[in-house]
Amino acid sequence: IFLATIIIWFLQSFDTRLNVVTDSADSLLALIGQWIAPVFAPAGFGSVEASTAVITGLMAKESVVSTLEVLFGGTIGSILSPLSAGSLLVFSLLYTPCVAAVASVRRELGGKWAAGLALWQCLIAWVVAFVIHGIGALL
C-alpha cells in the first residue's frame, strides 16, 4: 500500500518533464486518465476526472470518492449525470480490489493468478456498468 501511495503521489505531482505541477490537470495521472477515458465512455463515465479516480481507486476504494471530490471540488453533479454516477459506482464496487488484496493473491497463488484475477474483475465491472448505463439510457 505504501508503494502504491508513493506511485499515485508521484503521478499526480509531476508532469512528463518531471516538473512539479501546480494544477493536477497537468500531471502524469491526468495524462493517463486522458488515455483511458475512451475505454469508460461506453459505460457512461468517460471523463478524465472519473478515469483518474478509477486509477487512484486501485490503491484503495476510498480513493475514488476522495479523488472525485478533489478534482470536481463539490460540483460532481455538473459533470456526471445520476446515471453516469450510478455506472461509476457500480464499476467501483465490482472492479479490482486494492493493491493489498491483489498482493495477497499474488503471494498465495502467484503472479499469473493475481493478474488474471485483476483483469477478470475489471472486465466484469466494465460489462455490468455498461449494461446498467445502457438500460438506464433506454428508460
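This text goes with the structure placed above it.
What counts, and at which threshold
Residues numbered from 1 in each chain as written. Predicted model: local features only at pLDDT ≥ 70, side-chain atom pairs only at ≥ 80, totals over all residues. Heavy atoms only, no water. Helix = DSSP H or I, 4+ residues; strand = E, 2+ residues; numbered from the N terminus. Rg over C-alpha atoms; globule rule 2.2 N^0.38 Å. Buried < 20%, exposed > 50% of the residue type's maximum accessible area, 1.4 Å probe, protein only. Areas by Shrake-Rupley, 256 points an atom, 1.4 Å probe, with all protein chains shown as cover. Lys, Arg positive; Asp, Glu negative; His and termini not counted. Charge placed at Lys NZ, Arg CZ, Asp CG, Glu CD. Phe/Tyr/Trp six-rings, centres within 6.5 Å; stacked < 30°, edge-to-face > 60°. Contact = heavy atoms within 4.5 Å. Polar contact = N/O pair within 3.5 Å; in protein donor to acceptor, adjacent residues only side chain to side chain. 1 Å grid on protein atoms, 1.4 Å probe; cavity = no way out; pocket = protein on both sides within 12 Å on 5 of 7 lines; lining within 4 Å. Points joined across faces, edges and corners; volume = space filled by probe spheres on them. Nonpolar A, V, L, I, M, F, W, Y, C, P; charged D, E, K, R; others polar. Patch = residues over 30% accessible without salt bridge, like charges linked within 9 Å, V, L, I, M, F, W, Y side chains within 5 Å. Salt bridge = Lys/Arg side-chain N within 4 Å of Asp/Glu carboxyl O.

Caption draft 1: Region of interest: the overall build of the protein chain. Counting its regular elements, the protein chain contains 8 helices and 0 strands. Order of helices (α) and strands (β) in the protein chain, N terminus to C terminus: α-α-α-α-α-α-α-α. By the compact-globule yardstick of 14 Å for 139 residues, the protein chain fits well, its C-alpha radius of gyration being 15 Å. Across the 139 residues in the protein chain, those meeting the buried criterion constitute 33%. Summed over all atoms, the accessible surface of the protein chain reaches about 8200 Å², with 72% contributed by carbon and sulfur. Treating the 5 positive side-chain charges of the protein chain as one cloud and the 7 negative ones as another, the clouds have centres 18 Å apart.

Caption draft 2: Examining the packing of aromatic side chains more closely. All told, the structure shown has 7 aromatic pairs when counted by the stated rule. Ring geometry for Phe40 against Phe45: centres 5.2 Å apart, planes inclined by 20°, an arrangement best described as stacked. In this structure Phe40 comes out as buried when scored by relative accessible area, which is 8%. Feature note: the residues Phe40, Phe45, Phe91 and Tyr95 constitute an aromatic cluster, connected by ring pairs.

Caption draft 3: Region of the structure containing the side chain of Thr96. Note that Thr96 resides in the loop between α6 (82-94) and α7 (99-109). The class for Thr96 is buried, based on a relative accessible area of 5%. If we ignore the near neighbours within four places in the chain, the residues touching Thr96 are Leu58, Lys61, Val102, Ala118, Gln121 and Cys122.

Caption draft 4: Layout of the side chain of Ser51. Its place among the elements puts Ser51 in helix α3 (residues 48-56). The class for Ser51 is buried, based on a relative accessible area of 0%. Polar side-chain contacts of Ser51 include one of 3.0 Å to the backbone oxygen of Ser47. Sequence-distant contacts of Ser51, defined by excluding residues within four places in its chain, comprise Gly33, Ile36, Ala37, Phe40 and Phe45.

Caption draft 5: Inspection of the environment of Thr67 at higher detail. In this structure, Thr67 sits in helix α4 (residues 62-72). Along the primary structure Thr67 and Ala50 are separated by 17 residues, whereas in three dimensions their C-alpha atoms are 8.6 Å apart. With near-sequence residues (within four places) excluded, Thr67 lies in contact with Thr52, Ala53 and Thr56.

Caption draft 6: Structural context of unusual backbone geometry. Positive phi is not limited to glycine here, since Leu18 has a value of about 60°. By secondary structure assignment, the location of Leu18 is in the loop between α1 (2-13) and α2 (28-40).

Caption draft 7: Just the layout of surface pockets, in detail. Volume-wise, the largest pocket comes out at about 310 Å³. Lining the largest pocket are 19 residues; nearest its centre among them are Ser24, Thr52, Thr67, Val70 and Leu71. At the level of secondary structure, the elements contributing two or more residues to the lining of the largest pocket comprise α1, α2, α3 and α4. If you tally residues by element for the lining of the largest pocket, the top one is α4, at 5 residues. Among the residues making up the lining of the largest pocket, the classes are represented as 8 nonpolar, 9 polar and 2 charged.

Caption draft 8: A nonpolar patch on the surface, seen in detail. On the surface, Leu93, Leu94, Trp120, Leu123, Ile124, Val127, Val128, Phe130, Val131, Ile132, Ile135 and Leu139 cluster together into a nonpolar patch covering about 1100 Å² of accessible area. Of all the secondary structure elements, the ones that give two or more residues to the nonpolar patch are α6 and α8 (111-138). With 9 residues, the top contributor of residues to the nonpolar patch is α8. Mapped onto the elements, Ile132 comes out in helix α8. Residue Ile132 is classed as partly exposed on the basis of its relative accessible area of 33%.

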